[in-house]
Amino acid sequence: MATPRRRTRLHSSELAESFVARRHQLRLTQAELALLAGVGRSTVQALEGGKDSVQLDGAIAIADALGCRITLNNRSGIPVPPLDPR
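Reading guide: rules and limits
Residues numbered from 1 in each chain as written. Predicted model: local features only at pLDDT ≥ 70, side-chain atom pairs only at ≥ 80, totals over all residues. Heavy atoms only, no water. Axes fitted to C-alpha atoms, helices over the stretch in contact; angles between N-to-C directions. Helix = DSSP H or I, 4+ residues; strand = E, 2+ residues; numbered from the N terminus. Parallel < 35°, antiparallel > 145°, perpendicular 65-115°, else oblique. Left-handed = near helix turned anticlockwise from the far one by under 90°. Contact = heavy atoms within 4.5 Å. Nonpolar A, V, L, I, M, F, W, Y, C, P; charged D, E, K, R; others polar. Patch = residues over 30% accessible without salt bridge, like charges linked within 9 Å, V, L, I, M, F, W, Y side chains within 5 Å. Areas by Shrake-Rupley, 256 points an atom, 1.4 Å probe, with all protein chains shown as cover. Salt bridge = Lys/Arg side-chain N within 4 Å of Asp/Glu carboxyl O. Buried < 20%, exposed > 50% of the residue type's maximum accessible area, 1.4 Å probe, protein only.

Participant: Sorry, what's going on with the packing of helix H2 (residues 30-37) against helix H3 (residues 41-48) here?
Facilitator: For any two helices packed against each other, the geometry is given by the interaxial angle and the distance between the axes. The geometry of H2 relative to H3 is characterised by a closest axis approach of 8 Å and an angle of 115° between their N-to-C directions. As summarised for this structure, H2 and H3 are arranged roughly perpendicular, according to the angle between their axes. Here H2 runs over H3; the crossing is right-handed. Residues Gln30, Ala31, Leu33 and Ala34 of H2 lie in contact with H3, whose contacting residues are Arg41, Val44, Gln45 and Glu48. In terms of residue class, the contact of H2 with H3 is built from four nonpolar, two polar and two charged.

Next up, the structure:
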């Protein structure tokens, strides 16, 4: 059985700052972004505030509205492809 490793976490503040920066690039308010993403403004506020309990579907919707994609990368920074659904 594999031994669990200590995980290295991306600080939620780094992710939050990326979302805020992109929203500002697009000159959107939190309310406008929430409307485009189909989520509540509180979801945008929680994500941008670095709250750890934001649901993944809300984060994906917000990223999509910002013209971005959330991907899983290995520690070397290489994207991990999704499983082939055969």
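Participant: What is the right way to look at a nonpolar patch on the surface in this model?
Facilitator: On the surface, Leu56, Ile60 and Ile70 cluster together to form a nonpolar patch covering roughly 280 Å² of accessible area. On the accessibility criterion, Ile60 (42% relative accessible area) is partly exposed.

Participant: Looking at this model, I keep getting lost on the environment of Leu72. Mind explaining?
Facilitator: Position of Leu72 relative to the elements: it lies in the segment after helix H4 (56-65). Separated by ten residues in the primary sequence, Leu72 and Pro82 place their C-alpha atoms 9.0 Å from one another. With sequence-adjacent residues up to four places away left out, Leu72 is seen in contact with Ile78, Pro79 and Val80.

Any functional reading would require information that these geometric values do not contain.
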